[in-house]
Amino acid sequence: MQDSLFLRAAFSKSTERPPVWMMRQAGRFMPEYWEIKNKYSFLEMCKTPEIAADVTMLPVDLLGIDAAILFSDILVTGEAMGGDLSFTQGLGPKFANPVRNQADVDKLLTDVDDKLQYVADAITVIQQRLDGRIPLIGFAGAPFTVMSYLVEGGSSKDFKLTKLMLHNHPELAHKLLAKIAKVTIDYLNLQIAAGVNAVQLFDSWALALSWDDYKEFSHRYNKQIIEGLNRKDIPVISFCKGSSVFAPIMAEAKPDVVSIDWNADLLDIKKKLPVGMAVQGNLDPHILYAEKHVIKERIHRLFERMRGEDGFIFNLGHGIMPDIPFDNVKYAVELIKEFRY
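Small disclaimer: the values here were computed from a predicted structure and weren't measured.

Enquirer: I tried to follow the side chain of Q280 on my own but got confused; where do I start?
Expert: Note on placement: Q280 falls in strand 8 (residues 278-283). Polar side-chain contacts of Q280 include one of 3.0 Å to the side chain of W21. Discounting chain neighbours no more than four positions away, the residues touching Q280 are F6, W21, Q200, I237, V257, V258, S259, I260, L266, I313 and N315.

Enquirer: Would you take a moment to explain the nonpolar core for this structure?
Expert: Burial of nonpolar side chains together is a common tendency in soluble globular proteins. If you look at the biggest cluster of nonpolar residues, it comprises 133 residues, and the most contacted ones within it are F6, M22, M147, L176, L288, I299 and F314. No other element matches helix 10 (residues 170-194), which puts 12 residues into this core. In contact with L176, not counting residues within four places along its chain, are V99, V105, L108, M147, L150, V151 and M165.

Enquirer: I keep staring at the pattern of salt bridges and nothing clicks. Help me out?
Expert: A pair can form between side chains of opposite charge whenever their charged atoms are brought close. Tallying each qualifying case throughout the model produces 21 salt bridges. With a shortest N-O distance of 2.8 Å, E16 and R8 are connected by a salt bridge. Given a relative accessible area of 40%, E16 falls into the partly exposed group. With a shortest N-O distance of 2.6 Å, K175 and D106 are connected by a salt bridge.

Enquirer: Is there a simple way to explain helix 9 (residues 160-168) in this structure?
Expert: Given 3.6 residues to a turn, an α-helix orients residues that are three or four positions apart in the same direction. Inspection of helix 9 places T162, M165 and L166 among the buried residues, and these make up the whole buried set. Viewed along the axis of helix 9, the buried residues span an arc of 100 degrees, placing them on a single side of the element. Turned more than 90 degrees away from the buried face of helix 9 sit K160 and N168, all of them exposed. Those residues of helix 9 that are buried lie in contact with helix 8 (143-152), helix 10 and helix 11 (211-227).

Enquirer: How do you make sense of the pairing of strand 8 when you look at a structure like this?
Expert: Within a regular strand, side chains alternate between the sheet's two faces. Strand 8 sits mainly inside the fold: six of its six residues count as buried. Pairing geometry for strand 7 (residues 257-259) and strand 8, over three bridges, is parallel. From the neighbouring strand, V258 faces strand 8, where its bridge partner is V279.

Enquirer: Looking at this model, I keep getting lost on the sheet that holds strand 5 (residues 198-203). Mind explaining?
Expert: Whether parallel or antiparallel, the strands of a sheet pair through hydrogen bonds between backbone atoms. One open sheet accounts for seven strands, arranged 1-4-5-6-7-8-9; its pairing is parallel. Each of the sheet's edge strands pairs with one partner strand only, and the pair in question is strand 1 (68-69) and strand 9 (312-316).

Reading guide: rules and limits
Residues numbered from 1 in each chain as written. Predicted model: local features only at pLDDT ≥ 70, side-chain atom pairs only at ≥ 80, totals over all residues. Heavy atoms only, no water. Helix = DSSP H or I, 4+ residues; strand = E, 2+ residues; numbered from the N terminus. Polar contact = N/O pair within 3.5 Å; in protein donor to acceptor, adjacent residues only side chain to side chain. Contact = heavy atoms within 4.5 Å. Core = buried A, V, L, I, M, F, W, Y, C linked by side-chain atoms within 4.5 Å. Buried < 20%, exposed > 50% of the residue type's maximum accessible area, 1.4 Å probe, protein only. Salt bridge = Lys/Arg side-chain N within 4 Å of Asp/Glu carboxyl O. Arc of directions from axis to C-beta. Pairing = 2+ DSSP bridges.

Written out as structure tokens, the structure is:
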């Protein structure tokens, strides 16, 4: 397994081509996903190991990508801590009991591995199905991002309530973030013990923060998490929307890979990172809506830019959108797999 393209690139070893996987690759752009989704709720899919394995395997079988990623959600930690979580079509995730004050924070649990055992069980099933063909990536939501959902009660455009807590009650924010960080360390170590081959920390909403607030309320906890992982032979990928800005600070947490959004020149970012730190990214996912000759030109442009660089994993700058044509995604993967340096 250590000889896989993905793991070699993650540890900045040379590869004959960039490995490819895509965030949200087991998702709503595939008709086969909807065949499963129409039978079960989203949380049922996450919590039933055989179903989570079925969904995880879709892009492995249909796209032939170089790494699988566990089918789950970044908010399962928030639910395990005591959040009343639901997913509604068109509205996204909701916490019916948002965390707004000291009493709410105090109520949150931190010893919750037993409540997340279904994830470890899913990893066991997935690894049986993968049978060593390609690595499996586990993941968790970063504390600031999970906090934002808990405080807002769901998705938010402006993160007003979260920022009010950061600015008016920083000590309460830190208490909440510390609790989430503790759970996240345990959760990722649970996944590593269950058999994942890599982990990614998703700080999806870090872009909402200023530089100083990112350092204080996000980076500090992401660093703590990465330091707490049993990461021998397990590469750690750090991702946030905003990584084109925050990459220099993200590197201080010592991940193996920094995953970059599509707003920056990838080579320029890589040159600024410590030697031996890999990058992942960073095609604008909207390119996959375009005509195939455009997709080809943009992928080849990125590859030529990165030519001669060890430690490069191809990915999108964020997740695949639900209405991107499946054929375009398949074409992109085939194009990447045909490429040679």
